[in-house]
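Close look at the chain arrangement
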Amino acid sequence: MAAVAFVDVVGYTALMASDESHTHLRWMKILNEVIRPRISQYRGRLVKLTGDGVLAEFSSALDAVEWAQDIQRLVPSVQIERSGQPPSIALRIAINVGDIIVTESDIYGDGVNVAARLQEHAEPGGVLLSESVYDVVRGTVGRFTRELGYLKLKNLEKPVRAYAVSVDAPTIVVPSRRHRESLPSIAVLPLQNLGGDPADDYFADGIVEDIIVSLAGLRELFVISRASTIKYRGSNPDPREVGQSLGARYIVFGSVRRSERLVRVSIQACDSETMETLWGDAVEVAPGELFDLQDHIVRKIVAGIAPKVRNSELRNAMRKKPESFTAYDYALRGIQIINSLDKQTFLKAREFLNKAIAEDQQFAMPVAWAARWHSMYVGQGWSPNPNEDAASAAQLAARAIELDGQNALALATFGHVKSFLFHEYDGAMIYLDRALAACPNHAVAWILSSATLSYIGEAEQAIRRAEHGLRLSPFDQNLFYFYMFLNLAYYAKGDFREAVKWGRMSFEENALYTANHRVLIAGLVGLGQMEEAREVAAKLIELEPEFRLKTYERTRQPFRHEQIKERFMQHLRAAGLPE
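Residues numbered from 1 in each chain as written. Predicted model: local features only at pLDDT ≥ 70, side-chain atom pairs only at ≥ 80, totals over all residues. Heavy atoms only, no water.

This model, assessed by the stated rule, comprises three cavities of 30 Å³ or more. Size it by volume and the largest cavity reaches roughly 260 Å³. When contributions to the lining of the largest cavity are tallied by element, the ones reaching two or more residues are α13 (364-379), α15 (408-420), α19 (479-493) and α21 (514-527). Within the lining of the largest cavity, the residues separate by chemical class into 14 nonpolar, four polar and three charged. Of the volumes computed, that of the second largest cavity is approximately 50 Å³. Residue lining of the second largest cavity: Leu218, Arg219, Glu220, Met365, Trp369, Asn407, Leu409 and His442, and that is the complete set. Classifying every residue of the lining of the second largest cavity by side-chain character gives four nonpolar, two polar and two charged. (1 Å grid on protein atoms, 1.4 Å probe; cavity = no way out; pocket = protein on both sides within 12 Å on 5 of 7 lines; lining within 4 Å. Points joined across faces, edges and corners; volume = space filled by probe spheres on them. Helix = DSSP H or I, 4+ residues; strand = E, 2+ residues; numbered from the N terminus. Nonpolar A, V, L, I, M, F, W, Y, C, P; charged D, E, K, R; others polar.)

And the structure:
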């Protein structure tokens with residue numbers, strides 16, 4: 001019989017991913033200056049370290065509880081640096097009394113398992129006691145103790161009654177990571193060098209590093225740091241074991257093989273729980289082109305992995321009961337239908353996004369998409385209060401940036417709203433460029449930046465950015481959106497034939513997108529194909545009965561370039577649209 005204490009660092013994986021060296025140094029300082037000395041002081045034994053935690057044994061439950069309270073009181077002060085930077089590491093501690101099996105190097109049994117699972121329910125900076133501990137120390141520790149009731153612990157059959165004991169210590173402000181912990185987690189393993197040439201190791205490491213950075217930049221995935229996956233170099237581990245070890249749902253692995261004629265990079269992504277292969281591909285390049293084409297290889301891999309993970313997560317969300325939805329699940333449901341552009345379905349998307357925001361108010365992703373929703377609501381001509389919805393779009397995008405200053409979707413959306421809805425083109429480009437700097441592989445950021453360049457007459461650059469966005473997401477479920485921006489860019493250039501080609505492709509993908517209709521009409525008139533132009537104009541009026549050219553020219557007409565603007569309005573009038 002013994003008191004078992006289990007200590008865990010809150011959000012350790014997330015902390016390591018954001019600042020590995022600083023997190024490690026702080027944790028070692030807490031371990032060596034606080035935890036180890038106090039264990040001896042309270043007559044306990046440090047059984048083992050678990051990387052981001054500690055397992056300790058005490059003969060007295062009271063000693064264990066007083067030790068835990070002492071640890072939590074000291075952790076904030078030991079982290080304060082000369083710069084005054086606030087502490088970033090918080091601990092959870094749980095204590096249980098029970099029978100254990102003891103060896104020289106470890107302890108086992110239900111008493112240990114309960115403590116390990118109980119700590120998952122402790123608050124950051126808090127101490128949680130099982131009922132068996134509380135019965136022993138009742139009235140002797142803390143100013144008050146709060147009963148939490150019976151908790152269902154993972155992998156344990158019977159629920160355990162738990163109590164939170166007070167700690168006289170300053171509160172450690174831990175950045176909200178609840179939404180990050182609910183995001184799909186992914187680990188990219190080192191590529192196997194099948195050829196054995198050490199020169200290929202550098203290339204393989206560069207590929208992996210770029211994939212990790214690119215996936216992390218999307219802000220829709222929680223990506224395990226390379227420092228945590230490097231230990232798998234040279235091995236061929238079971239994805240299920242890797243997933244359990246790293247806490248990653250999805251595993252990316254592959255190989256590099258060099259021959260005299262080519263270098264072949266093979267990659268696949270799988271679900272570590274179901275062992276389902278989500279995506280796989282192989283890229284072959286000539287040895288002399290190896291490093292020149294590294295960006296191309298990484299871009300192709302990221303473009304394959306990210307949509308498959310999102311689709312897999314959406315399937316998982318669809319199987320859940322609504323009462324068990326997370327903020328991420330609600331956001332996925334909203335994103336899935338936001339581009340349907342059927343009006344009733346589109347309105348439903350806003351409901352899902354609102355639920356996601358209510359579920360986690362620190363989660364930038366649904367806030368950014370809600371800004372996109374308001375922008376499209378105005379663009380489709382559905383909003384009864386365009387000025388109000390335009391303001392909402394700007395406010396939501398600004399809020400998303402406040403929550404996550406490196407969120408490319410939020411930055412790009414704010415830039416697009418400024419140019420499209422408020423005609424502030426110069427300010428828009430600042431945010432659009434920031435979006436591309438934050439995540440160079442974010443397809444939507446590229447196409448939205450293309451739009452503003454079209455509006456100001458920088459057509460050649462607009463075309464290049466729209467084409468790059470399409471290459472980043474060639475199998476996007478909303479290709480009509482990408483095709484429309486190529487239509488817009490080529491129209492700005494004056495290449496009506498190419499504009500109409502992309503406009504028709506967008507129309508075939510989604511005949512409800514009125515922004516494409518307007519540019520397609522203008523391009524068809526430019527080619528002299530008046531009959532088709534009038535047919536598309538009729539479809540536009542069917543979808544947007546209140547459309548009037550004078551109102552549109554005064555409010556939503558997007559071009560700043562005077563010649564393009566004049567030509568655009570002349571073409572729309574020539575198609576017979578109502579004044």
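Before going further, it helps to examine the environment of Arg465. Along the chain, Arg465 turns up in helix α18 (residues 459-472). C-alpha separation for the pair Arg465 and Pro198, spaced 267 residues apart in sequence, amounts to 37 Å. Discounting chain neighbours no more than four positions away, the residues touching Arg465 are Met429, Asp433, Leu436, Trp446, Ser449, Ser450 and Leu453. (Contact = heavy atoms within 4.5 Å.)

Attention now goes to the sheet that holds strand β3 (residues 53-58). Backbone hydrogen bonds hold the strands of a sheet together, and the pairing may be parallel or antiparallel. Read from one edge of the open sheet, seven strands run β2-β3-β1-β4-β7-β9-β8, paired in mixed fashion. Unpaired on one side and paired on the other, β2 (44-49) and β8 (145-151) mark the two borders of the sheet. With strand direction ignored, the average angle separating the axes of adjacent strands in the sheet is 25 degrees. Across five bridges, β2 lies against β3 in antiparallel orientation. Looking at the pairing, Arg45 lines up with Glu57 of β3. (Pairing = 2+ DSSP bridges. Axes fitted to C-alpha atoms, helices over the stretch in contact; angles between N-to-C directions.)

This paragraph deals with the side chain of Ser419. As for its position among the elements, Ser419 is in helix α15. Among the polar contacts made by the side chain of Ser419, one reaches the main-chain carbonyl oxygen of His416 at a distance of 3.2 Å. Every residue in contact with Ser419, bar those within four places of it in the chain, is listed here: Glu424, Tyr425, Ala428, Thr452 and Tyr455. (Polar contact = N/O pair within 3.5 Å; in protein donor to acceptor, adjacent residues only side chain to side chain.)

Glancing now at the pairing of strand β9 (residues 160-165). Across the six residues that make up β9, a large majority, five, are buried. Relative to β9, strand β7 (residues 127-130) runs antiparallel, the two sharing four bridges. Looking at β9, one finds that Leu128 is bridged to Ala164. In the sheet, β8 pairs with β9 via six bridges, with the strands oriented antiparallel. (Buried < 20%, exposed > 50% of the residue type's maximum accessible area, 1.4 Å probe, protein only.)

With that settled, consider the nonpolar core. Ile186, Leu215, Ile305, Tyr491 and Leu572 are the most contacted members of the largest nonpolar core, which totals 149 residues. When residues of this core are assigned to their parent elements, the largest contribution, 13 residues, is made by α19. Core analysis: the second largest hydrophobic core is formed by 36 residues, Tyr42, Val75, Leu129 and Val167 among them. (Core = buried A, V, L, I, M, F, W, Y, C linked by side-chain atoms within 4.5 Å.)

As for its placement among the helices and strands, Met376 is situated in helix α13. Residue classification places Met376 among the buried positions, given a relative accessible area of 8%. Through-space distance from the C-alpha of Met376 to that of Ala269 is 33 Å; in sequence the pair is 107 residues apart. Not counting chain neighbours up to four residues away, the residues in contact with Met376 comprise Ile338, Asn339, Leu341 and Phe346.

Look at α15 against helix α17 (residues 443-455): their axes get within 9 Å of each other, and the N-to-C directions meet at 20 degrees. Between α15 and α17, the angle falls in the class roughly parallel. Note that α15 runs across α17; the crossing there is left-handed. Residues Leu409, Ala412, Thr413, His416, Ser419 and Phe420 of α15 form the contact with α17, whose participating residues are Val444, Ala445, Leu448, Ala451, Thr452 and Tyr455. A class-by-class count of the residues in the contact of α15 with α17 yields eight nonpolar, four polar and no charged. (Parallel < 35°, antiparallel > 145°, perpendicular 65-115°, else oblique. Left-handed = near helix turned anticlockwise from the far one by under 90°.)

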